[in-house]
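The chain contents come next:
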Amino acid sequence: MALGSQIAHHYRAELAVTTPALRPLLESVCEALDCEIPLPRHVELVSIEASDLQVDPAQGGALTLSATLKNRAAYAQAWPLLKSRLLMCRTMPCCGAYCNRANICPPRQT
């Protein structure tokens, strides 16, 4: 019983997506345990549809990278952690950054 509970807790996001009828039960259990049901992360179902690197004169010549990501899953997913790396002469890394939704996505315009 305890092992089954641990497995259900670990896979609660996947269970909520694959078996929507279980979601109310999972939510009530998570409320009692003070946990959340996160969105699943299936990075293999996220692709970069387009990207563009431009010099931004308004930012003192800083480089601005724009990318369009597509979620190919039939359900909502958590935003991926993106890693960018600039190369000098195609071989030697000169800098890099990790980006998540909090520091890459401007507020949506309506």
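Description of the structure in this document.

How each quantity is defined
Residues numbered from 1 in each chain as written. Predicted model: local features only at pLDDT ≥ 70, side-chain atom pairs only at ≥ 80, totals over all residues. Heavy atoms only, no water. Helix = DSSP H or I, 4+ residues; strand = E, 2+ residues; numbered from the N terminus. Buried < 20%, exposed > 50% of the residue type's maximum accessible area, 1.4 Å probe, protein only. Contact = heavy atoms within 4.5 Å. Areas by Shrake-Rupley, 256 points an atom, 1.4 Å probe, with all protein chains shown as cover. Pairing = 2+ DSSP bridges. Salt bridge = Lys/Arg side-chain N within 4 Å of Asp/Glu carboxyl O. Lys, Arg positive; Asp, Glu negative; His and termini not counted. Polar contact = N/O pair within 3.5 Å; in protein donor to acceptor, adjacent residues only side chain to side chain.

**A few points about the overall build of the protein chain**
Reasoning step 1: For the protein chain, the count of helices and strands is four helices and four strands.
Reasoning step 2: If you list the helices and strands of the protein chain from N to C, you get α-α-α-β-β-β-β-α.
Reasoning step 3: For the protein chain, with 110 residues in total, the buried portion stands at 13%.
Reasoning step 4: When contacts within the protein chain are restricted to residue pairs at least 6 apart in sequence, those whose partners lie at least 24 apart make up 35%.
Reasoning step 5: Element-wise, carbon and sulfur atoms account for 59% of the exposed surface of the protein chain, whose accessible area totals about 9100 Å².

**So, the pairing of strand β2 (residues 62–71)**
Reasoning step 1: Note: strand β1 (residues 46–56) against β2, 10 bridges, orientation antiparallel. Residue valine 55 lies in a different strand from β2, and its bridge partner there is leucine 63.
Reasoning step 2: The hairpin turn running from β1 into β2, its antiparallel successor, is five residues long, and glycine 60 in that turn takes a positive phi close to 70°.

**Thoughts on the environment of leucine 53**
Reasoning step 1: Turning to its location among the elements, leucine 53 is positioned in strand β1.
Reasoning step 2: With residues up to four places along the chain from it excluded, the contact list for leucine 53 reads Leu63, Thr64, Leu65 and Leu86.

**Here's the deal with the environment of leucine 22**
Reasoning step 1: Within the secondary structure, leucine 22 is located in the loop between α2 (12–18) and α3 (23–33).
Reasoning step 2: For the pair formed by leucine 22 and arginine 12, sequence separation is 10 residues and the distance between their alpha carbons is 9.4 Å.

**Quick notes on the environment of tyrosine 98**
Reasoning step 1: Following the sequence through the fold, tyrosine 98 ends up in strand β4 (residues 92–99).
Reasoning step 2: The exposure class assigned to tyrosine 98 is exposed, which follows from its relative accessible area of 55%.
Reasoning step 3: For the pair tyrosine 98 and lysine 83, spaced 15 residues apart in sequence, the C-alpha separation works out to 4.5 Å.

**Describing the pattern of salt bridges**
Reasoning step 1: Counting across every chain of the model gives one salt bridge.
Reasoning step 2: Taking the shortest distance from any N to any O, the salt bridge between arginine 23 and glutamate 27 comes out at 3.2 Å. You can see arginine 23 and its partner glutamate 27 sitting in helix α3, four residues apart, about one turn around the helix.
Reasoning step 3: Overall, the relative accessible area of 32% leaves arginine 23 in the partly exposed class.
Reasoning step 4: Accessibility expressed as a relative area gives 40% for glutamate 27, which makes it partly exposed.

**Regarding the side chain of arginine 12**
Reasoning step 1: With respect to the helices, strands and loops of the structure, arginine 12 is situated in helix α2.
Reasoning step 2: One buried charge, arginine 12, has no salt-bridge partner; the nearest side chain with opposite charge is glutamate 36, at 7.1 Å.
Reasoning step 3: Reaching out from arginine 12, the side chain makes a polar contact with the backbone oxygen of histidine 9 at a distance of 2.7 Å.
Reasoning step 4: Those residues within four positions of arginine 12 in sequence are excluded, and the remaining contacts are Leu26, Cys30, Cys35, Glu36, Ile37 and Pro38.

By themselves these figures say nothing about function.
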